[in-house]
Each structure stands twice: as C-alpha cells, then as structure tokens.
Amino acid sequence: LRNVHRLDADTSGILLLARSQGALDTLSELFESRRMEKRYLAVVSGRPAQAEWVCRLKIGPAPGATGRMRVDAKEGKEAETRFRVLETRGDRTLVEASPVTGRTHQIRVHLAAGKTPVLGDPLYGPSAGIGALPGLALRAVGLAYQDPFTRRPVRIEARTGEFLKEF
C-alpha cells in the first residue's frame, strides 16, 4: 500500500491508499488537478468574523523554523481554503474547511492568520488557558471524487462522533 496523499502528523481521519503504482499515479493526479474534494472539521479558539469565507493567503516556509509555515505574500505559494462555521459554544467554534490547494499546514496557517487557531495546535495554536486537550482538533472527514477507473462517484466519510466529543 502507498499513500496517495498525506495528512499533517497530528491530523486524524481519512487517508487514501493505493495498491499499485498505476492506481497511485492516477489517484495522485486527482489531487494535483484539484478534482478531489477534501473536507475537514476543525475546532478553533474564538469566533470567526464571518459564517462563511474563503482564505487565499499565500503560504511559504517560516525562515529559521524547520517544519513551520507562515503567510508569505511575496514568496509564498498560492493557497485557497473555503471555511464555514457549523457551531459555536462558548469560546470554541466548529468549522468545516475545504482546501482547494494542498499546502503544508494550510488549514492551520489560514485559521491562525484569521485569529482563530486550531485547538491543540503546538505550532500555530493558543498556548495557554485552554486546559488539557487530547491532541490537534483537526480531522479529515471527507473525500469525494469520480473514480478514474469506473467513472462512478466515490464518497468516503470518516466518523466524527468521538472527535466532537473530545473537543
């Protein structure tokens, strides 16, 4: 089995695998050509300013901070994420994120740039006052695409009950 795509180390949820090099190449092309719909749930600190929005801030490596990314308008790569608020309780908000591009830490960087970082995020999240968390409050919950071999629509959904209970 081979990974068709990757998730950040602390992100839970769906990971698509291929059983052959031909399937890997074909399925990878769906991600590269942006024909793979991806859906995530994130629990963030605070309340977003809007109920729905699109973030198109460019993302690039943070100088001197290995493995960390930042918003970089001059040298960053194009990045686009669509967001929608699903529910707010107290100082936490459940957000649906649909990344169009696939930059490293894209959802996390875009949410942090909007002053609503993902809970439990050691790189971009709030550092104090949130109590003990079971991990990063980011979960890959959906993939949808047209199967390139059968031409049938495919929808893969992850369970969300435990994730929502934890956060």
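Residues numbered from 1 in each chain as written. Predicted model: local features only at pLDDT ≥ 70, side-chain atom pairs only at ≥ 80, totals over all residues. Heavy atoms only, no water.

Chemist: What is the right way to look at the pairing of strand β8 (residues 81-89) in this model?
Modeler: For a regular strand, side chains alternate in direction, first toward one face of the sheet and then toward the other. Sheet analysis places strand β5 (residues 52-55) next to β8, joined by four bridges and oriented antiparallel. Within the sheet, the bridge partner assigned to Glu52 lies in β8 and is Arg84. Where β8 and strand β9 (residues 92-99) come together, eight bridges link them in antiparallel fashion. Within the sheet, the bridge partner assigned to Val85 lies in β9 and is Val95. (Pairing = 2+ DSSP bridges. Helix = DSSP H or I, 4+ residues; strand = E, 2+ residues; numbered from the N terminus.)

Chemist: What should I look at first to understand the pattern of salt bridges in this one?
Modeler: Should their charged atoms come close, side chains of opposite charge can pair. Under the criterion given, the structure shown has 13 salt bridges. Between Glu29 and Arg35 there is a salt bridge, and its shortest N-O distance comes to 4.0 Å. A salt bridge links Arg56 to Glu80, with the shortest nitrogen-to-oxygen separation between them at 3.5 Å. In this pair, Arg56 is assigned in the loop between β5 and β6 (59-61) and Glu80 in the loop between β7 (69-71) and β8, connecting sequence segments 24 residues apart. Using a relative accessible area of 16% as the deciding quantity, one classes Glu80 as buried. A single salt-bridge network, built from bridges that share partners, covers Arg6, Asp8, Arg108 and Asp121. (Salt bridge = Lys/Arg side-chain N within 4 Å of Asp/Glu carboxyl O. Buried < 20%, exposed > 50% of the residue type's maximum accessible area, 1.4 Å probe, protein only.)

Chemist: Please explain the layout of surface pockets as it appears in this structure.
Modeler: If a probe the size of a water molecule is rolled over the atoms, the empty space left behind becomes visible. By volume, the largest pocket is sized at about 490 Å³. Arg6, Lys38, Thr101, Gly102 and Arg103 are the residues nearest the centre of the largest pocket, which is lined by 23 residues in total. For the lining of the largest pocket, the elements supplying multiple residues, two or more each, are α1 (21-32), β4 (37-45) and α2 (106-113). Looking at the lining of the largest pocket residue by residue, the classes come out as eight nonpolar, eight polar and seven charged. (1 Å grid on protein atoms, 1.4 Å probe; cavity = no way out; pocket = protein on both sides within 12 Å on 5 of 7 lines; lining within 4 Å. Points joined across faces, edges and corners; volume = space filled by probe spheres on them. Nonpolar A, V, L, I, M, F, W, Y, C, P; charged D, E, K, R; others polar.)

Chemist: Please clarify how α1 should be interpreted in this entry.
Modeler: Structurally, the α-helix is built with 3.6 residues per turn, so residues lying three or four positions apart point the same way. Its twelve residues give α1 an end-to-end C-alpha distance of 16 Å, which sits within 8% of 16 Å, the value for a rise of 1.5 Å per residue. Against β1 (2-3), β3 (17-18), β4 and β10 (138-146) lie the buried residues of α1. (Expected span 1.5 Å × (residues − 1). Contact = heavy atoms within 4.5 Å.)

Chemist: For this particular structure, what's the right way to read the side chain of Thr81?
Modeler: Position of Thr81 relative to the elements: it lies in strand β8. Residue classification places Thr81 among the buried positions, given a relative accessible area of 0%. Separated by 2.9 Å, the side chains of Thr81 and His110 make a polar contact. Setting aside its immediate chain neighbours within four residues, Thr81 contacts Trp53, Val54, Cys55, Ala97, Ser98, Pro99, Gln106, Ile107 and His110. (Polar contact = N/O pair within 3.5 Å; in protein donor to acceptor, adjacent residues only side chain to side chain.)

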